[in-house]
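# Structural overview
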Amino acid sequence: RVGKYLAWDAEGNSVGVNGTGADSGLRSDIAAAGGSALVNFVQSGAGAVQRSVQSKNREVLSVKDFGAVGDGVADDTNALLNTAIAARTGFTDGTGRTFAGEIFLPPGKYKIDDIIELAPTAGLIGLTINGSGSGGTEIVFDGSTATIKCTSSRQITWRDISFISSEVDDDQIAFTINQTGNPLRSWRFERCEFQAFYKCFAVTGTSMCSEFYFHDCKFLQCYWLMDNDNDQAFNWNFVNCDWENDSLTTSKDKTLAAVFNLKKGSFIRWTGGSFIIVGQMVYYNLTA
């Protein structure tokens, strides 16, 4: 095909160098699954190197790339799970944890009805999940088995996402953390919202689970924010966050509702924001 694909007519048809003979080969090649690998990209600025458009676009994964619908009706569990798996790179740290990249959730309601396992067996480091804004991007948990699960991770960030439970009385847990391997620490939630969960976080295990940061987050009509049965779950920090469960409707005993149900020693710092609670604020602190 040397010498072709150098000229097009007004309708976009390839006409070759001499202006005769339509040739659709170029468009066929680019339209193929690997077509973006044939188109080059160079960033502006000194020292920029040539890359393919395919390589550039793969820096950030969208759940839409894996078939997520986001209409609140279709089951997007597998799409979100496959996106999380695809975000893992081939690089590992000294403990065997796999580095991960960035995921984007466009505006929509993504329904899940089963476990989303974020980390491989040895653990995960560096995953970032971005939404389009609290109320714009929603993950809807449908049924008691729906939960986001993780063990042995570090530096996981969630931004601009609403996590919504279909029903408090379904005993739904947003994040299930059973920490028994490498330390799980340094998670961040920025401008996120939790609605109508029985437990926003259920933390178990014996290994360190610490350094969780929440900035400008809201917890609305939830029964418990954190249920801690982990020996080393500490340094959970909340800055300008709001907790409101005054309108919580549930068949559960509301006098047992709690912001933090701390069965073992923990350290919680809450700065700014508001507490509006019907029920009690429960702290269990085993000094040992």
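Residues numbered from 1 in each chain as written. Predicted model: local features only at pLDDT ≥ 70, side-chain atom pairs only at ≥ 80, totals over all residues. Heavy atoms only, no water.

### Quick notes on the sheet that holds strand β15 (residues 162-165)
One open sheet accounts for 8 strands, arranged β4-β8-β12-β15-β18-β21-β24-β27; its pairing is parallel. In this open sheet, the two strands that pair with only one neighbour each are β4 (71-75) and β27 (274-276). Here the average twist between neighbouring strands, direction ignored, is 15°. Relative to strand β21 (residues 218-220), strand β18 (residues 193-195) runs parallel, the two sharing 3 bridges. Counted as the bridge partner of Q195 is L220 from β21. (Pairing = 2+ DSSP bridges. Helix = DSSP H or I, 4+ residues; strand = E, 2+ residues; numbered from the N terminus. Axes fitted to C-alpha atoms, helices over the stretch in contact; angles between N-to-C directions.)

### Section: the pairing of strand β22 (residues 224-230)
Judged by how many residues are buried, β22 sits mostly within the fold: 6 of 7 residues are covered. One ladder, built from 6 bridges, connects strand β19 (residues 199-205) with β22; its direction is parallel. The partner of G205 across the bridge, within β22, is N230. Note: β22 against strand β25 (residues 258-262), 4 bridges, orientation parallel. Pairing of W224 across the sheet is with A258, part of β25. (Buried < 20%, exposed > 50% of the residue type's maximum accessible area, 1.4 Å probe, protein only.)

### Re the sheet that holds strand β16 (residues 173-179)
Pairing is parallel in the open sheet, where 6 strands are placed in the order β9-β13-β16-β19-β22-β25. Whereas interior strands pair on both sides, the edge strands pair on one side only; in this sheet they are β9 (115-117) and β25. The mean angle between the axes of side-by-side strands here comes to 15°, regardless of whether they run parallel or antiparallel. Pairing of β16 with β19, which is carried by 6 bridges, proceeds in the parallel orientation. By the bridge assignment for β19, Q179 is matched with G205.

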